[in-house]
Amino acid sequence: MVDERTESHLPTLPRKRARAGRGASRLIQAGFLVGLVVIWYLAATRWGVNRLLLPNPVAVYDNLLDILRSGEFVGDLQTTLGELAAAFAISAAGGVTLGYVISRSRYWIVVFEPLFAAIYSIPIILFLPLFVLFFGLGPASKIALGAAISFFPIVINTIAGFGHVDPLFVRVARSMGASDYHLFRHVLLPAASPVILTGLRMGFTVALLSIIGSETLASLAGLGYHIVHLAEAMEMARMFAYIVFVIAIAVTLNAVVSRLEARGKRD
Amino acid sequence: MATSEVAIKARGVFHRFGEEGEQRFVRALVDTSLDVAEGELLCLIGPSGCGKSTLLNIMGGLMAPSSGTVEVRGQLVRGPLPRDIAFVFQENSLFPWNTVIENIELGMVFQGVAKSERAARAAEALAAVGLKEFAQHYPAQLSGGMRQRAALARALSLKTPILLMDEPFGALDEQTRMILGEDLSVLLAESRKTIVFVTHSLGEAVFLADRVAVFSARPGSIKQVIVIDEPHPRRPEFVTSAKFTSLRNQLYGLLHDEIRKAVQQSSAGDTARTGIG
């Protein structure tokens, strides 16, 4: 029987080489970011770029430490994360449920898949003024916008996941007497979940982007709002420090979500 | 034939895909009647598209015939019969997100086997097909031949009296196929199951079957049934015997004209579609 074994899990050498390659590429990525900061530093100190436009990175760093030490960000962070959680909960629940329902019929798939794909391709952020009119300047308009924007990648991927399960798998399960519940739990769900998880991750990312973005345009609180507020007060070093802080939050959240996605796909 | 009891009785089965006048309309099966005796291994052989897989699916309740009836052990078939019939499909019918052992146990979950019994039956079935060491592997980590052994183990673990196999070795290379055929012959001789086995391979049909039903080209129906009078389990030497060769030649003679017809049909269909003819 051993000779029937495939090669896929035999070779160890290419894997080792892949790991070495990944180490090198990480180094290049880090070098690129360091290079950007160096150029930033030179531009601010040597090349005479106006300090009101580009603050010294050292000053930004000092401001960042001050922000973290004082804890003044907590209120805005809570606002933004609260909006994100509410928006994502709505779009995930709505998108997955509706996507599943649509996927149960060939006809509905043909009707809704291209429709949602078309809507997904338009910049929904253009409707922000409308959302503000309907839901006010507070968190509600950010939640509604974030939910609306993140709904589409989630529903599209859910339809794709549940709608394109290999019919052979369904036939195999039915031939062994699978009930509707069995079919959902043991065939449809595991077959569809990788695609759905990808949709959820994409939805999460666009929800975060659109919520922080809309906070900078029309709001009364939140991290995006605070950044614009500092810009208007001409406190550029502090504004940059907040931007760095928001980037760190966004990168962390996306890393966590990607990790969850990867784990979900493995199980 | 072990006994004269009839396990599967097909009467006047017709099947068509699509409606008359539609471009995709196909008359797959025409007036097909067939008895499969308890404990016998019947091979269905014929040109591509002759409806042999369709007949198998209808027998197993996975497709409803356009007209005609199938009875399995005296009861009319209206849907899948997981207690009586297990299927082995052509390829990639294992769930890729489950390990081999999970795949086998899941079949029993669907069938309704008590939890306490599943592990033992799965282990027994895996051992029977020689895959004991690969229980924790995922299907993607196995070769095509091993995947088909695992699919066979899943079907065996269901302990159904009837096994329907739809070109189970069709996607495998000649040598793997030969070894699997020999192992299958031994396994099935012990199990005394009733088996219907769809194949393209003349040698496979003669080597495995008690009887071979030869299909005509589309619209398919059974042209002739040949008896292979040789005890089970069949020995590898059977393949080189004069008897094997003469039976194989007889089958070849029956099939050759039908395959020609099938090829002409499909090329005529192509020219009609492209509008050249």
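Below is a summary of the structure that appears in this document. Values in this document were obtained by computation on a predicted structure and should not be read as measured data.

The rules we used
Residues numbered from 1 in each chain as written. Chains lettered and ligands numbered in written order. Predicted model: local features only at pLDDT ≥ 70, side-chain atom pairs only at ≥ 80, totals over all residues. Heavy atoms only, no water. Helix = DSSP H or I, 4+ residues; strand = E, 2+ residues; numbered from the N terminus. Buried < 20%, exposed > 50% of the residue type's maximum accessible area, 1.4 Å probe, protein only. Contact = heavy atoms within 4.5 Å. Buried area = accessible area lost by both parts, 1.4 Å probe. Polar contact = N/O pair within 3.5 Å; in protein donor to acceptor, adjacent residues only side chain to side chain. Nonpolar A, V, L, I, M, F, W, Y, C, P; charged D, E, K, R; others polar. Patch = residues over 30% accessible without salt bridge, like charges linked within 9 Å, V, L, I, M, F, W, Y side chains within 5 Å. Areas by Shrake-Rupley, 256 points an atom, 1.4 Å probe, with all protein chains shown as cover. Salt bridge = Lys/Arg side-chain N within 4 Å of Asp/Glu carboxyl O. Axes fitted to C-alpha atoms, helices over the stretch in contact; angles between N-to-C directions. Parallel < 35°, antiparallel > 145°, perpendicular 65-115°, else oblique. Left-handed = near helix turned anticlockwise from the far one by under 90°. Pairing = 2+ DSSP bridges. Phe/Tyr/Trp six-rings, centres within 6.5 Å; stacked < 30°, edge-to-face > 60°. Expected span 1.5 Å × (residues − 1).

### Considerations on the side chain of S141(A)
Residues and elements named next belong to chain A.
Next up, step 1: Turning to its location among the elements, S141 is positioned in helix α6 (residues 139-163).
Next up, step 2: Take S141: its relative accessible area is 0%, and that puts it in the buried class.
Next up, step 3: In this structure, S141 is in contact with F131, V132, F135 and G136, ignoring residues within four places of it in sequence.

### Focus on the interface of chain A and chain B
Next up, step 1: Counting residues at the interface gives 21 residues for chain A and 32 residues for chain B.
Next up, step 2: Buried surface at the junction of chain A and chain B, summed over both partners, amounts to about 2,200 Å²; 69% is from carbon and sulfur atoms.
Next up, step 3: Linking chain A with chain B are 3 residue pairs in polar contact (both at pLDDT 80 or more).
Next up, step 4: Elements that contribute at least two residues to the side of chain A that touches chain B include exactly α7 (167-175) and α8 (180-217) of chain A.
Next up, step 5: Ranked by residues supplied to the side of chain A that touches chain B, first place goes to α7(A) with 7 residues.
Next up, step 6: Its residues assigned to classes, the side of chain A that touches chain B shows 10 nonpolar, 7 polar and 4 charged.

### Topic: a nonpolar patch on the surface
Residues and elements named next belong to chain A.
Next up, step 1: On the surface, I122, I125, L126, F127, L130, L133, F134, F135 and L217 cluster together into a nonpolar patch covering about 980 Å² of accessible area.
Next up, step 2: Ranked by residues supplied to the nonpolar patch, first place goes to helix α5 (residues 128-135) with 4 residues.
Next up, step 3: With respect to the helices and strands, L217 occurs in helix α8.

### Some points on the packing of helix α2 (residues 100-111) of chain B against helix α4 (residues 144-157) of chain B
Residues and elements named next belong to chain B.
Next up, step 1: It is the contact of α2 with α4, at a shortest axis distance of 9 Å, that shows an interaxial angle of 30°. In terms of orientation, α2 lies roughly parallel with respect to α4. The way α2 lies across α4 gives a crossing that is right-handed. When α2 is examined against α4, the residues V100, N103, I104 and M108 are found in contact with a partner set consisting of A150, A153, R154 and S157.
Next up, step 2: The residue makeup of the contact of α2 with α4, split by class, is 5 nonpolar, 2 polar and 1 charged.

### Looking at the pattern of salt bridges
Next up, step 1: With the rule as written, the count across this model stands at 14 salt bridges over all chains.
Next up, step 2: For E72(A), the salt bridge goes to R238(A), with nearest N and O atoms at 2.7 Å. Of this pair, E72(A) sits in the loop between α2 (57-70) and α3 (74-103) while R238(A) sits in helix α10 (residues 236-266), and the two are 166 residues apart along the sequence.
Next up, step 3: On the basis of relative accessibility, which here comes to 34%, the residue E72(A) falls in the partly exposed class.
Next up, step 4: Between R73(B) and E38(B) there is a salt bridge, with its nearest N and O atoms 3.2 Å apart. Residue R73(B) is located in the loop between β4 (67-72) and β5 (75-76), and its partner E38(B) is located in the loop between β2 (26-37) and β3 (41-45); the two are separated by 35 residues in the primary sequence.
Next up, step 5: Its relative accessible area of 41% is what places R73(B) among the partly exposed residues.
Next up, step 6: In this structure E38(B) comes out as buried when scored by relative accessible area, which is 18%.
Next up, step 7: Shared partners join several salt bridges into a network, and the residues in it are D66(A), E72(A) and R238(A).

### As for the pairing of strand β7 (residues 162-166) of chain B
Residues and elements named next belong to chain B.
Next up, step 1: Judged by how many residues are buried, β7 sits mostly within the fold: 5 of 5 residues are covered.
Next up, step 2: Of the two faces of β7, the one lined by I162, L164 and D166 and the one lined by L163 and M165 are each fully buried.
Next up, step 3: The pairing of strand β6 (residues 85-88) with β7 spans 4 bridges and is classified as parallel. The residue bridging I85 from the neighbouring strand is I162, located in β7.

### Points about the packing of aromatic side chains
Residue and element names in this part refer to chain A.
Next up, step 1: Tallied over the entire structure, the rule returns 22 aromatic pairs over all chains.
Next up, step 2: Between W108 and F112, the aromatic rings sit 5.8 Å apart at their centres with planes inclined by 35°, giving tilted as the arrangement. Here the residue W108 and the residue F112 both occupy positions in helix α4 (residues 106-120), the gap between them amounting to 4 residues, near one helical turn.
Next up, step 3: A residue is classified by how much of its surface remains accessible, and W108, at 41% relative accessible area, is partly exposed.
Next up, step 4: A relative accessible area of 23% means that F112 is categorised as partly exposed.

### Overview of helix α5 (residues 174-191) of chain B
All names here are of chain B.
Next up, step 1: The end-to-end C-alpha distance of α5, which contains 18 residues, comes to 25 Å, matching closely the 26 Å that a straight helix rising 1.5 Å per residue would cover.
Next up, step 2: Restricting attention to buried positions, one finds in α5 the residues T176, R177, L180, G181, L184, S185, L187 and L188.
Next up, step 3: In this fold, the buried residues of α5 make contact with β3, α3 (115-128), α4, β7, β8 (194-199) and α6 (202-208).
Next up, step 4: Measuring from the side-chain oxygen of the N-cap residue of α5 to the backbone nitrogen of Q175 gives 3.2 Å; that N-cap residue is D173.

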